[in-house]
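Here's the letter readout for the chains.
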Amino acid sequence: MDEKKVIARFQPQAWINNYAVDVDPEGAVEFDVTADIERMGRDEALALKDNSDDSDMLAKSASAPEWIRSWTGPFYVNVQQSVRSYFGQVA
């Protein structure tokens with residue numbers, strides 16, 4: 001049986017005419033944030049919302065690829081559904 005993991009997905013963006021627009025990534029966009037989520041605890045993790053300051057903090061995770069950790073432009077992180085699945089919550 002596969003070990004359960006929480007996978008975050010990073011979406012890089014660039015400012016174009018004062019709008020944050022999705023751009024092509026410079027490498028892998030998915031990374032394992034299970035350890036980060038475990039440190040948060042169940043309640044705090046389940047409160048995470050995609051594209052929020054709290055979920056965006058995961059881009060600095062030690063498990064994120066270097067290009068993600070050093071990204072200087074706008075971005076968002078999707079992790080909410082993966083967290084819910086990890087803790088056995090229904091969508």
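That block above? That's the structure.
Residues numbered from 1 in each chain as written. Predicted model: local features only at pLDDT ≥ 70, side-chain atom pairs only at ≥ 80, totals over all residues. Heavy atoms only, no water.

What the protein chain contains, in helices and strands, is five helices and four strands. Secondary structure elements in the protein chain, listed N-terminal to C-terminal, are β-β-β-α-α-α-α-β-α. Computed over the C-alpha atoms, the radius of gyration of the protein chain is 13 Å, within 12% of the 12 Å expected from 2.2 N^0.38 for a compact globule of 91 residues. Reported as C-alpha extents along the three principal axes, the dimensions of the protein chain are approximately 45 × 20 × 20 Å. Burial analysis of the protein chain (91 residues in total) assigns 36% to the buried set. In the protein chain, the proportion of contacts linking residues at least 24 apart, taken out of those at least 6 apart, comes to 67%. Carbon and sulfur atoms make up 49% of the accessible area of the protein chain, which totals about 5900 Å². (Helix = DSSP H or I, 4+ residues; strand = E, 2+ residues; numbered from the N terminus. Rg over C-alpha atoms; globule rule 2.2 N^0.38 Å. Buried < 20%, exposed > 50% of the residue type's maximum accessible area, 1.4 Å probe, protein only. Contact = heavy atoms within 4.5 Å. Areas by Shrake-Rupley, 256 points an atom, 1.4 Å probe, with all protein chains shown as cover.)

Our next topic: the packing of aromatic side chains. One pass over the structure, following the stated rule, counts five aromatic pairs. Consider the rings of phenylalanine 10 and tryptophan 67, whose centres lie 5.4 Å apart with planes at 90°: the pair is edge-to-face. Taken together, the residues span a long stretch of sequence, with phenylalanine 10 in strand E1 (residues 7-16) and tryptophan 67 in helix H4 (residues 66-69) at a distance of 57 residues. In terms of burial, phenylalanine 10 and tryptophan 67 fall into one category: buried. Aromatic pair phenylalanine 10 and phenylalanine 75: ring centres 5.0 Å apart, planes at 25°, arrangement stacked. Here phenylalanine 10, found in strand E1, pairs with phenylalanine 75, found in strand E4 (residues 75-78); they are 65 residues apart in sequence, far enough to count as distant. Here lysine 4 stacks its cationic end above the ring of tyrosine 86, 5.4 Å away from the centre of that ring. (Phe/Tyr/Trp six-rings, centres within 6.5 Å; stacked < 30°, edge-to-face > 60°. Lys NZ or Arg CZ within 6 Å of the ring centre and 35° of its normal.)

In short, shape yes, function no, at least from these values alone.
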